[in-house]
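So you can see what is in the structure, the chains are spelled out below.
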Amino acid sequence: QVQLVESGGGLVQAGGSLRLSCAASGRVLSGYSMGWFRQAPGKEREFIATISGAGGRIYYTDSVKGRFTISRTSPNSVYLQMDSLKPEDAAVYYCAAGTGPGTTRQAAYGYWGQGTQVTVSS
C-alpha cells in the first residue's frame, strides 16, 4: 500500500515562499507520475502541477506558472517550491501519485496524501 505524507505548509506573508515536500512509502514509485493539487474553502480541489516518473514531463496550471516549481529528487520524493505567494494560493495542498503519464485529471491519481495547510496573509 502506497502512503504519501506532505509537509512544509504553514503561514506566510504575501510575496513569501514555502517549500512543500511529499514523501512516499510502501512502493518504489519510479514509474508513477506525482502531482500536487489544492483545495481552498468552498472550492473544488484543483490541479497545480505534475511531474512524470522520470521527471522529463512537467505541467503547471496557468495560475502558478513562473511562481511554483515542482521537482523530484528520487522516485519517492517530490517537492513544490512556491514563490511570490498570493492570498489566493491559500489552501490545503495535496500530493498524489498515479501510474499514468503526467496528467491534470484527479481521477488518474490513485494515491493521495492527507494534505498540508498553506495560509497566506495579505
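Computed from a predicted structure; not experimentally measured.

Enquirer: Can you help me understand the overall build of the protein in this one?
Expert: What the protein contains, in helices and strands, is zero helices and eleven strands. Of the regular secondary structure in the protein, the N- to C-terminal order runs β-β-β-β-β-β-β-β-β-β-β. Relative to the 2.2 N^0.38 estimate, which gives 14 Å for 122 residues, the radius of gyration of the protein is 13 Å and therefore close to what a compact globule would have. The C-alpha extent of the protein, read off along each of the three principal axes, is 40 × 25 × 25 Å. In the protein, the proportion of contacts linking residues at least 24 apart, taken out of those at least 6 apart, comes to 58%. A total of about 6000 Å² of accessible surface is found on the protein, and carbon and sulfur atoms cover 47% of it.

Enquirer: Quick question: what am I supposed to make of the environment of W36 here?
Expert: On the secondary structure map, W36 appears in strand β4 (residues 33–39). Taking relative accessible area as the criterion, W36 reaches 0% and is therefore assigned buried. C-alpha of W36 to C-alpha of L20: the two residues are 16 residues apart in sequence and 9.6 Å apart in space.

Enquirer: I tried to follow the nonpolar core on my own but got confused; where do I start?
Expert: Proteins that are soluble and globular tend to have nonpolar side chains buried together. Core analysis: the largest hydrophobic core is formed by 29 residues, its most contacted members being L4, M34, W36, L80, M82 and Y93. When residues of this core are traced back to their parent elements, those giving at least two are β3 (18–25), β4, β5 (46–51), β7 (68–74), β8 (77–82), β9 (91–98) and β11 (116–121).

Enquirer: I tried to follow the pairing of β8 on my own but got confused; where do I start?
Expert: Successive residues of a regular strand alternate their side chains across the two faces of the sheet. Of all six residues in β8, five are buried; the element is thus mostly enclosed. Two elements, β3 and β8, share six bridges in a ladder whose sense is antiparallel. Across the sheet, residue A23 finds its bridge partner in β8, namely S77. Note that β7 and β8 share six bridges and pair antiparallel. Along β8, the bridge assignment pairs R72 with V78. Linking β7 to β8, which pair antiparallel, is a turn of two residues.

Enquirer: When you look at the state of the cysteines in this model, what are you seeing that I'm missing?
Expert: By definition, a disulfide links the sulfur atoms of two cysteine residues through a covalent bond. What the rule picks out here adds up to one disulfide. In this model, C22 is linked to C95 through a disulfide, with the two sulfur atoms separated by 2.0 Å. Taking the sign of the torsion about the S-S bond as the criterion, the disulfide between C22 and C95, at about -80 degrees, is left-handed. Of the two residues, C22 is situated in strand β3 and C95 in strand β9; the sequence distance between them amounts to 73 residues. Both residues of the pair, C22 and C95, belong to the buried class.

Conventions and cut-offs
- Numbers given for residues are sequential positions, taken from 1 along each chain in its written order.
- Local features are withheld for residues below a pLDDT of 70 in this predicted model, meaning they are given only at 70 or higher, and side-chain atom pairs are given and counted only at 80 or more; totals for whole chains, interfaces and linings count all residues.
- Side-chain figures throughout are based on the complete set of non-hydrogen atoms in the structure, without hydrogens or water.
- Counting from the N terminus, the helices are the DSSP runs of H or I reaching at least four residues and the strands are the DSSP runs of E reaching at least two.
- The globule rule used for comparison is 2.2 Å times the number of residues to the exponent 0.38, while the radius of gyration itself is calculated over C-alpha atoms.
- Any two residues whose heavy atoms approach within 4.5 Å are treated as being in contact.
- Note on areas: these come from Shrake-Rupley sampling with a 1.4 Å probe, and a residue is covered only by the protein chains present in the view.
- To sort residues, take the accessible area from a 1.4 Å probe on protein chains only and compare it with the maximum for the residue type: under 20% means buried, over 50% means exposed, and anything in between is partly exposed.
- Among buried residues, the Ala, Val, Leu, Ile, Met, Phe, Trp, Tyr and Cys ones that are joined through side-chain atoms within 4.5 Å form a nonpolar core.
- DSSP-based pairing: two strands are paired if at least 2 bridges between them are found.
- To count as a disulfide, a pair of cysteine sulfur atoms needs to be within 2.5 Å.

Shape descriptors only; they carry no functional weight alone.
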